[in-house]
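# Structural description and commentary
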Amino acid sequence: MHSKIQLRSLVSLSFLSFYYALYAYGGWTSLNYVTEEVKDPSKNIPRNIYISLPLVTVIYMLTNVAYLAVLTQVEMLSSNAVAVTFIQHFHLRRLGWSPFVWPLLQSEG
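Only a predicted model underlies this, so the values are computations on that prediction, with no experimental measurement involved.

Regarding its fold elements, the protein chain presents 6 helices and 0 strands. Traced from its N-terminal end to its C-terminal end, the protein chain shows the element sequence α-α-α-α-α-α. Across the 109 residues that make up the protein chain, the buried fraction comes to 10%. As presented, the protein chain carries roughly 9,800 Å² of accessible surface, and 68% of it is formed by carbon and sulfur atoms.

With that settled, the discussion passes to the side chain of Asn44. Along the chain, the position of Asn44 falls in helix H3 (residues 41–70). The residues touching Asn44, leaving out its near neighbours within four places in the chain, are Val38 and Lys39.

With respect to the element layout, Ser79 can be found in the loop between helix H4 (73–78) and helix H5 (82–94). At 3.4 Å, the side chain of Ser79 and the backbone nitrogen of Val82 are in polar contact.

A few words on H3. Compared with an ideal rise of 1.5 Å per residue, which puts 30 residues at 44 Å, H3 spans 42 Å between its outermost C-alpha atoms and is within 8% of the ideal. Along H3, the positions that sit buried rather than exposed are Asn44, Ile45 and Tyr67.

A few words now on the UniProt feature "transmembrane region" (unreviewed entry) in the protein chain. Following the UniProt record, the feature "transmembrane region" (unreviewed entry) maps to residues 7–28 and 48–70 here. Helix makes up 100% of residues 48–70 and strand makes up 0%, while its end C-alpha atoms are separated by 33 Å.

Okay, the confidence of the model for the protein chain next. Model confidence for the protein chain is summarised by a mean pLDDT of 76, while 70% of its residues fall at 70 or above. Within the protein chain, helix H6 (residues 98–108) has the poorest average pLDDT of any element, 60, and H4 the best, 89.

Under the definition given, this model contains 1 aromatic pair. A ring pair is formed by Tyr67 and Phe86, whose centres lie 5.2 Å apart and whose planes are at 65 degrees; its orientation type is edge-to-face. Pair noted here: Tyr67 is in helix H3 and Phe86 is in helix H5, with a separation of 19 residues, a long-range link. For the pair shown, Tyr67 and Phe86 are each scored as buried.

Definitions and cut-offs
Residues numbered from 1 in each chain as written. Predicted model: local features only at pLDDT ≥ 70, side-chain atom pairs only at ≥ 80, totals over all residues. Heavy atoms only, no water. Helix = DSSP H or I, 4+ residues; strand = E, 2+ residues; numbered from the N terminus. Buried < 20%, exposed > 50% of the residue type's maximum accessible area, 1.4 Å probe, protein only. Areas by Shrake-Rupley, 256 points an atom, 1.4 Å probe, with all protein chains shown as cover. Contact = heavy atoms within 4.5 Å. Polar contact = N/O pair within 3.5 Å; in protein donor to acceptor, adjacent residues only side chain to side chain. Expected span 1.5 Å × (residues − 1). UniProt positions renumbered as here; feature names shortened; annotations may be inferred. pLDDT = per-residue confidence, 0-100. Phe/Tyr/Trp six-rings, centres within 6.5 Å; stacked < 30°, edge-to-face > 60°.

And the structure:
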């Protein structure tokens, strides 16, 4: 009986992870609309994929390295949002008021 519950929980968590992944990668549907506007799509779309995938991977890895360099394991585990805790630790120590300005600058871009 115990193994059935564990299997059911594992299957539920697997489907939930697929759902979250689909939500995170939801932008792929826009590719059909963008393709009409791109000059020479057979050349430029693969080029964009080859550039953007490694770039996003490197940015993601550097972000995680920055989190690990600034926060302790206990701070990460106890935090509801690691990025917010990182900004509070990093920016408030070094840059003072800037965490309050960054969202305004990003929303204008």
